[in-house]
Amino acid sequence: NLTRLTHALADELTRSTPCKLAEQILSLAAESDGWRPKEVVPPGRRHELFRSYLRLLLNHQGVEARNVILEQMAEGRSALYLHGRVLEPTLIEVGRLWLENEIDVADEHYATAVTEALINTLHPLLKQRPFQKGRVLLVAVQHELHALGLRMVGDFLERDGWDTIYFGPNLPNESICSAIEKIMCFVLESCI
């Protein structure tokens, strides 16, 4: 669960880094004790918009997939809805298909790239509250190239009133410590 993962990360950071990340990670772990993962909805129970977007991505029809989402925006669907009901579940399903060898890694990369470009388009459209809750530094540790999920988390944190600073993937450990010292903020690290 999240608490055990957070404690394991804090233990590793205590051993491997000179900065005081462990205390902040342990604080996050203490707050996460009540966290429960949300139910994963099987593909057959998902709505047509999800199925359409996924089908287009798997057929390498990125322009059409993008247009499906933008048309939904034009019809009044919120960016938040599209994030949570279409884009996130699609990425989860693409990952599942790849793990089960039903699609190739190239298909997974294509779907991720199209979705990432779409998230960049939707980002300014997410209604944000004034930054009142503090700052969060979002980084993917050195050698970790998968940071799209972290970016999506950052979008939701911004919407909720957090000032997020997103550094993206593959940030060397020394740079993480330096950024923390310069910015003096909370830390959310990707270890996926």
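My aim in this report is to walk through the structure given alongside it, one point at a time. Residue positions are given per chain, counted from 1 along the sequence in the order it is written. Thresholds applied to this predicted model are a pLDDT of at least 70 for local features of residues and 80 or more for the giving and counting of side-chain atom pairs; totals over whole chains, interfaces and linings are not thresholded and use all residues. Here the side-chain values reflect all heavy atoms present in the structure, with hydrogen atoms and water set aside.

1. Remarks on the packing of aromatic side chains
Worth spelling out the cut-off: Put simply, two rings from Phe, Tyr or Trp (the six-membered ring, in Trp's case) pair if the centres are within 6.5 Å, and we call them stacked under 30 degrees between planes, edge-to-face over 60, tilted for the rest. Only when the NZ of Lys or the CZ of Arg is both within 6 Å of the ring centre and within 35 degrees of the ring normal is a charge said to sit over the ring.
Going through the model one piece at a time under the given rule, you end up with 0 aromatic pairs. Residue placement shows Arg151 over the ring face of Tyr166; its charged tip is 5.9 Å from the ring centre.

2. Side note on unusual backbone geometry
Operational definition: Partly exposed describes any residue whose relative accessible area lies between the buried limit of under 20% and the exposed limit of over 50%, with all areas from a 1.4 Å probe on protein chains only and scaled to the type maximum.
In the Ramachandran plot, His60 falls in the positive-phi region, its phi being about 55° despite a non-glycine side chain. For His60, a relative accessible area of 42% translates into the label partly exposed. For Asn170, which is not a glycine, the phi torsion comes out positive at approximately 60°.

3. Topic: helix α6 (residues 105-122)
Filter applied, for reference: The way it works is that DSSP assigns letters per residue, a run of H or I at least four long becomes a helix, a run of E at least two long becomes a strand, and they are numbered from the N terminus. To estimate how far a helix should extend, the number of its residues minus one is multiplied by 1.5 Å. This arc is built from the directions going out from the helix axis to the C-beta atoms. By definition in these notes, contact holds between two residues if any of their heavy atoms fall within 4.5 Å. Definition of a polar contact: a pair of N or O atoms within 3.5 Å, with one able to donate and the other able to accept a hydrogen when the atoms are protein atoms, and with sequence-neighbouring residues admitted only if both atoms are side-chain atoms.
Helix length check: α6, at 18 residues, gives a terminal C-alpha distance of 25 Å against a target of 26 Å (1.5 Å per residue), a fit within 8%. Turning to α6, its buried residues number three or more, namely Asp107, Glu108, Ala111, Val114, Thr115, Leu118, Ile119 and Leu122. Buried positions in α6, seen along its axis, are confined to an arc of 140° and lie on one side of it. On its buried face, α6 sits against α3 (48-58), α4 (62-74), α5 (79-99) and α7 (148-159). Sitting at the amino-terminal end of α6 is Asp104, which places a side-chain oxygen 2.8 Å from the backbone nitrogen of Ala106.

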